[in-house]
Amino acid sequence: MLYWDYAAAAPPYEEVVQTMEQIMKLHYANPSSLHKAGMEAGRLVRRAREVCAAAIGVKPEEILFTSGATESNNLAIKGAALQYESRGRHLVTTELEHPSVYESCLQLQQRGWEITFIAPDANGIVNPAAVAAAVRKDTVLVSVMHVNNEIGTVQPLKEIGALVKSANPRTLFHVDGVQGFGKLPVELNVWKADLYSLSPHKVRGPRGAGLLYVKEGVALAPLLTGGSHEEGLRAGTENVPAIVASAKAVRMSGEGRQQLYDQLVPLRDRLLHFLSGIPEFVVNSGEEGAPHIVHFSYPGMKGEVMARKLEELGMAVSTRSACSSRLAEPSRVLLSMGRSAREALGGIRISFGDKHTFEDITALEKALIKAVQDLKIAEGGVNK
Ligand code: PMP
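Residues numbered from 1 in each chain as written. Predicted model: local features only at pLDDT ≥ 70, side-chain atom pairs only at ≥ 80, totals over all residues.

Draft legend 1. Spatial organisation of helix H6 (residues 157-167). Residues Leu157, Ile160, Gly161, Leu163 and Val164 constitute the buried set of H6. Check the buried side of H6 and you find it contacts helix H5 (128-134), strand E5 (139-145), strand E6 (172-176) and helix H7 (188-191). (Buried ≥ 20, exposed ≤ 12 C-beta atoms within 10 Å, placed from the backbone. Helix = DSSP H or I, 4+ residues; strand = E, 2+ residues; numbered from the N terminus. Contact = placed C-beta atoms within 7 Å.)

Take a look at the structure:
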């Protein structure tokens, strides 16, 4: 089976697996405990914080460990909303966001917050001027993702950040950086980002730990209350093995970013070129997108049916993002780009990483051709 689902979960580095095991065996003490073993666990968490901070060019005190990027996004949005409610009750985000951002906004909307959802253009790119035009005096936060998890488009964060801050300097700017980190440069200062979420398991780290950068001076209302962990912003005993192993993955994937990019772009471009030659497919991602995500639709054919067929042929792919793959409705992201419901139902996401080769792409191309033939026969030769 060839695995084409790196954007959902990337296989961990061997060093990450070893670190997890080693820490679980040797450093199981609670980092809050005052004995030597606890202090050592605390030292490991501090060191991990320094490593993660260095990887994105911020101060260690600005890094918060969570359970994953879903929690980081929830905390960034709801934590800022609760903290700064006195400034207003308005947020701006986009139609492209991951459910952890989108649903957080909808939850606030149900509680009386006003949310402006900005639609992207037909290529899946948000117009910075449209974001800025939505910012008002009472806008507490703007949240825009770096790379879309479904189609891989890259948002113009520099322009968005600059326009948002000139529209209202007090409005916070949150970036969901999950699919961009390790593939594209992270420029928090250039983007003028106040909050930035990162998920180690997407960059060959473990599950169970996430990161949230919180710029010095920005306050958040905690969502998890209890002990004084993470400066009181996120109560709960630290997941030391996942945190330490995450720091390893974040460092390694940050250092290997350019090399990975150079390796993946020719693979992606070859696949894009192949897909554009198949008349049944509509390609939804482009060469300006992230190097690891390719997305196409087979209008009229459910993505799940195509994905199952590809699995029979030895290819593990996703229909959209793993978090939405069980939904039967058309993709919200594709609909927001103006795609028809037929196109939005039939999405396939192929995402790859350092282990893939041109031979793998050749095998995938053959499987795609066979899948189309088989499905056409099964559907009575009509692509309904
Ligand atoms: N944001 C984006 C863009 C994602 O792709 C994901 C993972 N599907 C998340 C947030 C949530 O990350 P996690 O799996 O760490 O909760």
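Draft legend 2. Just the domain arrangement of the chain, in detail. Examined at the domain level, the chain breaks down into domain 1 (14-255) and domain 2 (257-378). One C-alpha centre belongs to domain 1, the other to domain 2, and the line joining them spans 28 Å. At the junction of the two partners, domain 1 supplies 24 residues and domain 2 supplies 24 residues. Residue composition of the side of domain 1 that touches domain 2, grouped by class: nine nonpolar, twelve polar and three charged. (Domains from an automatic or database assignment. Nonpolar A, V, L, I, M, F, W, Y, C, P; charged D, E, K, R; others polar.)

Draft legend 3. Molecular detail of the confidence of the model for the chain. Per-residue pLDDT for the chain has a mean of 95; in total, 97% of the residues score no lower than 70. At the level of individual helices and strands, the chain shows its lowest average pLDDT in helix H12 (residues 341-345), which scores 91, and its highest in E6, which scores 99. Quick note on the complex model: pTM equals 0.97, ipTM equals 0.99. (pLDDT = per-residue confidence, 0-100.)

Draft legend 4. Layout of helix H8 (residues 240-255). Spanning 16 residues, H8 covers 23 Å between terminal C-alpha atoms, matching the ideal 22 Å at 1.5 Å per step. Of the surrounding secondary structure, the elements contacted by the buried residues of H8 are helix H1 (14-26), helix H2 (36-56), strand E2 (63-66) and helix H9 (257-276). (Expected span 1.5 Å × (residues − 1).)

Draft legend 5. A look at the site of the ligand. As a matter of local geometry, the ligand sits amid 17 residues, with Gly68, Ala69, Thr70, Asn149 and Ser199 nearest to it. Residue contributions to the shell around the ligand peak at three residues, all from helix H3 (residues 69-83). Each residue belonging to the shell around the ligand can be placed in one class, and the counts come to five nonpolar, eleven polar and one charged. (Near = placed C-beta within 6 Å.)

Draft legend 6. Here's a closer look at the environment of leucine 267. Relative to the elements of secondary structure, leucine 267 occurs in helix H9. Take leucine 267: there are 20 C-beta atoms within 10 Å of it, and that puts it in the buried class. In contact with leucine 267, not counting residues within four places along its chain, are Phe352, His356, Phe358 and Ile361.

Draft legend 7. The arrangement of the sheet that holds strand E4 (residues 114-118) in detail. Pairing is mixed across the open sheet formed by seven strands, whose spatial order is E2-E8-E7-E6-E5-E3-E4. Bordering the open sheet on either side are E2 and E4, each of which pairs with just one other strand. Direction aside, neighbouring strands of the sheet carry axes that sit 20° apart on average. Bridge count between E6 and strand E7 (residues 195-198): three bridges; the pairing is parallel. Each residue of the ladder has a partner; that of aspartate 176, found in E7, is serine 197. (Pairing = 2+ DSSP bridges. Axes fitted to C-alpha atoms, helices over the stretch in contact; angles between N-to-C directions.)

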